[in-house]
Amino acid sequence: MAKGPMILGMARGKVGELVFKRLNGEQITVPRVRNPKNPQSDAQTVRRLAFSSAVKLAQQLEPVISNSWQSRKYGQPSINYFVGEAAKIIGGYAMRAATGDYYGFAPIVPYNSMLGVCVPVRISEGTLSSGNIRPFNAPGSPVLSFQLSPLIPQGPETITVADFLGIFGVPVDTQITFVCGKVVPMPEYDTPTEVNGVGYSIGRLNFKTGLASDTVLFTLSSGQFELETSAVDATRSNITALTISGPSGSVGFAIDGVTVSGSFCSAAVIYSRYVDGEWRRSTSELKALIGVDSAIHAQSYYGWNDLAEIIDISRKSARAVTETEFLNKEPN
């Protein structure tokens, strides 16, 4: 994907088999190298990048994955398990990209990135059934949102505690966790194509305990049901607003007062409930629509990066560390 007016010598990026760059103030054109010169070295680098990207994703999702495995110890054992599984999946996509699949783009980020990646991977595991709010994408759409299905029946103007189970598919004492990732550009990397990552937001909703059955949880206003925040347990929730569109079932929310809107590249909903002295979880996947039909889609919709460019960045980074250590080394 070339950027800038080509005829004025300002293009940067890829067009077909050509790469446009600027060198010493002038535009130059070089052939795109699709086959690595050193396959063994590249394969090793890809494995390291896959593991590093899995760690970055784990850091973004740490509040969830550290305690969302019903059969595993909380904390580092759960995180380690997630990293191992995510690294396998990320590595699979990266190795396929190395052979030309996905237009050479993969869900990886540079070693020093603070962002995660968009990849389908399990983020919770347990015996609790899933409720009716799910990640959703319209047919043919490369983006995700949240939707309530089945839809709320027409007629009622409120949703009470007594109505909750029938509409949401889970008891009112269930914690609902929203996980959503959005593509974030990383302009600090000077490459022919832009480098992206994925930033994740995590929102939890818990209602107060002991609410009467006729307590109103949502009120219909201008065609959508709005959350009654007075019924929310603020000490265990960071969802400060939530709306459900009556006609479409589309779900929107705010986390700590900030509206999380737009389309997501990956999303999940986790249901948790304290049953018989222990926390139980639903089994949930981080849904990611990996239907890559162009390099631009891989880059813009999923935040994937050009594998060859990330490999090049990683090598330069490794060389810089080595040189710094050498220059700072005490003389014998």
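Residues numbered from 1 in each chain as written. Predicted model: local features only at pLDDT ≥ 70, side-chain atom pairs only at ≥ 80, totals over all residues. Heavy atoms only, no water.

**Student:** Where do I start with the packing of aromatic side chains in this structure?
**Tutor:** Aromatic rings in a pair are described by how distant their centres are and how their planes are angled relative to each other. Scanning the model with the defined rule gives 14 aromatic pairs in all. Ring geometry for Phe207 versus Phe218: centroids 6.4 Å apart, planes at 75 degrees, classification edge-to-face. Note that Phe207 is positioned in the loop between strand E10 (196-205) and strand E11 (216-221) and Phe218 in strand E11, a separation of 11 residues in sequence. A ring pair is formed by Tyr302 and Trp304, whose centres lie 6.0 Å apart and whose planes are at 50 degrees; its orientation type is tilted. For Tyr302, a relative accessible area of 2% gives the class buried. Given the relative accessible area of 0%, Trp304 is considered buried. (Phe/Tyr/Trp six-rings, centres within 6.5 Å; stacked < 30°, edge-to-face > 60°. Helix = DSSP H or I, 4+ residues; strand = E, 2+ residues; numbered from the N terminus. Buried < 20%, exposed > 50% of the residue type's maximum accessible area, 1.4 Å probe, protein only.)

**Student:** Please explain the environment of Ala54 as it appears in this structure.
**Tutor:** Along the chain, Ala54 turns up in helix H1 (residues 39-65). Residue Ala54 is classed as buried on the basis of its relative accessible area, which comes to 0%. Between the C-alpha atoms of Ala54 and Lys88, which are 34 residues apart in sequence, the distance is 8.8 Å. When residues no more than four places from it in sequence are discounted, the contact partners of Ala54 are Phe82, Val83, Ala86, Ala87 and Ile90. (Contact = heavy atoms within 4.5 Å.)

**Student:** Is there a simple way to think about the pairing of E11 in this case?
**Tutor:** Regular strands place side chains that alternate from one sheet face to the opposite one. By the bridge criterion, 3 bridges tie strand E8 (residues 158-160) to E11 in an arrangement that is antiparallel. Bridging across to E11, Thr160 finds its partner in Val216. In terms of strand pairing, E11 meets strand E12 (residues 224-227) through 4 bridges, oriented antiparallel. For Ser221, the partnering residue across the bridge sits in E12 and is Gln224. Count of turn residues in the E11/E12 antiparallel hairpin: 2 residues, of which Ser222 carries a positive phi of about 55 degrees. (Pairing = 2+ DSSP bridges.)

**Student:** Please explain unusual backbone geometry as it appears in this structure.
**Tutor:** Outside of glycine, negative phi angles account for most residues, and trans bonds account for most peptide bonds. A cis amide bond, omega 5 degrees, links Ser149 with the succeeding residue Pro150. Position of Pro150 among the secondary structure elements: in the loop between strand E7 (145-148) and E8. At Tyr102, a position not held by glycine, the phi torsion is positive, near 55 degrees. Among the residues examined, Tyr102 registers a relative accessible area of 15% and is labelled buried.

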